[in-house]
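Structural features, examined
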Amino acid sequence: MEAISCPQCHQLTNPQGRVCEHCGVELVLAALLAEHMLAVSSRKSRASQFIPLSPEVLVPRLGEYLIEQGFLTPEKLSLALEYQRGQEQKGEPRLIGQALLDLELISRVDLDLAVTEQILQLQSVIELANEQLEERVKERTRELENAMSKLTELNQLKSNFIANISHELRTPLTHIRGYLELLEDEALGKNSPEQFRALRVMLKSEARLEKLIEDLLQFSTFSSGGVDIRLKSINLNEIFSDIELLALQKTNDKAVLLRTSIPPDLPPVKADPQKLSWVILQLIDNAVKFTPEGGNVKLGARIFDSKVHIYIEDSGIGIEPEKIDEIFEPFHQLDSSSTRHHNGTGLGLAMLRKVIEAHNTEIKVRSKLDEGSCFEFSLAIVDQ
């Protein structure tokens with residue numbers, strides 16, 4: 001640790017010592033005095049002389065204390081205060097103790113004794129306050145640690161509950177799907193047109209329920225153990241080719257136009273192919289969900305700054321700018337009313353962001369209400 005200058009004698013001294021080895025002054029007290037004097041000098045810049053460095057500047061209401069201890073009478077204090085005001089008007093300010101000495105109303109020994117006693121009392125109060133503050137800090141720290149521990153425990157219980165319930169729901173749902181498919185294939189007898197329509201509705205609802213359960217299971221896995229990412233060099237054009245076929249099914253079902261803007265010779269990037277395909281399909285599914293019939297969804301990619309930027313645009317309902325961060329919160333729906341038009345658990349985008357962040361990148365959103373949204377992220381190009 002470097003040496004510092006003593007505030008009293010200005011010679012270099014050890015900062016870890018309590019007193020200056022040259023002049024013997026207590027370093028902390030001298031530093032406080034120097035700081036106080038700096039403030040006083042800035043306030044009284046009009047004065048031709050400054051109050052000399054003295055321990056008295058740390059003592060509040062010195063005059064009253066001198067009266068209480070019998071060192072001074074009220075009349076003498078009034079006399080000293082009047083003298084002090086006169087000196088300040090002349091540009092020669094005095095502390096009350098110096099004024100008393102100038103008028104010979106108190107001895108130097110009595111003044112030093114009173115100031116020392118006051119400083120010792122002040123020091124005792126500061127030490128007690130510091131001890132109380134330190135104890136309060138320790139107490140608050142313990143409370144925060146307990147709260148964090150309980151929060152972690154609650155999060156684990158929530159994840160376990162979601163995982164257990166999802167597994168329990170999956171088994172009967174598999175049986176339901178199996179029998180619905182048997183009925184649809186007429187393996188258990190002929191169906192009327194009305195029965196076929198009813199079966200298609202049930203199969204569609206079963207598929208949606210199965211998707212919700214899969215989301216819950218995946219979210220539970222992500223929350224407890226993180227995202228298992230296996231990065232490797234992949235061909236993006238092959239990924240996009242497979243995705244486009246699946247995306248067309250989603251857009252055709254809702255009469256939404258799918259457009260693509262993908263260069264034919266994209267360079268390889270570092271990513272997990274399965275997780276990347278899932279992310280892009282989730283974004284397309286989300287875009288289709290919030291785009292009305294007759295609208296369009298665009299899947300695109302472009303090369304910029306040694307990265308491939310992947311984006312999904314839509315002409316849907318859009319998002320209010322101040323609510324963009326909310327869409328990535330688990331179990332959160334911007335429209336949480338009982339009459340909301342779009343179903344879902346509110347987990348898709350929350351999980352999607354975790355997967356993208358596991359690829360050492362981030363998702364960016366641009367949106368305008370009633371005009372559509374654009375979700376974009378980038379992947380690093382692999383050096384060849």
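Just so it is clear, the structure is predicted and the values come from calculations on it, not from any experiment. (Residues numbered from 1 in each chain as written. Predicted model: local features only at pLDDT ≥ 70, side-chain atom pairs only at ≥ 80, totals over all residues. Heavy atoms only, no water.)

1. Concerning the environment of E326
Within the element layout of this structure, E326 appears in the loop between β7 (307–314) and α9 (348–358). C-alpha of E326 to C-alpha of A350: the two residues are 24 residues apart in sequence and 9.7 Å apart in space. (Helix = DSSP H or I, 4+ residues; strand = E, 2+ residues; numbered from the N terminus.)

2. Some words on helix α7 (residues 236–253)
Here α7 spans 26 Å end to end across 18 residues, near enough to the 26 Å set by a 1.5 Å rise per residue. Where α7 bends most, at E244, the angle is about 25 degrees. Looking only at α7, the buried set comprises L236, I239, F240, I243, A247 and T251. Looking at the buried residues of α7, the elements they touch are β3 (232–234), β4 (257–261), β5 (269–271), α8 (273–289), β6 (296–304) and β7. Capping of α7 at its N-terminal end is provided by N235; its side-chain oxygen lies 2.9 Å from the backbone amide nitrogen of N237. Phi turns positive, to about 60 degrees, at A255, one or two residues after α7. (Expected span 1.5 Å × (residues − 1). Bend = angle between axes of the 7 residues up to and from the residue. Buried < 20%, exposed > 50% of the residue type's maximum accessible area, 1.4 Å probe, protein only. Contact = heavy atoms within 4.5 Å. Polar contact = N/O pair within 3.5 Å; in protein donor to acceptor, adjacent residues only side chain to side chain.)

3. Description of the sheet that holds strand β8 (residues 364–368)
One open sheet holds the 5 strands; their spatial order is β4-β6-β7-β9-β8, and the pairing between them is mixed. At either end of the open sheet lies a strand with only one pairing partner, and these are β4 and β8. Along the sheet, successive strands turn relative to each other by an average axial angle of 15 degrees, direction set aside. Looking at chain direction, β8 and strand β9 (residues 372–380) are connected through 5 bridges and run antiparallel. Note on β9: the bridge partner recorded for V365 is F375. (Pairing = 2+ DSSP bridges. Axes fitted to C-alpha atoms, helices over the stretch in contact; angles between N-to-C directions.)

4. A short note on the pairing of β9
Of all the 9 residues making up β9, 8 are buried; the element is thus mostly covered by neighbouring parts of the structure. In terms of strand pairing, β7 meets β9 through 8 bridges, oriented antiparallel. Paired with D314 across the strands is S373, a residue of β9.

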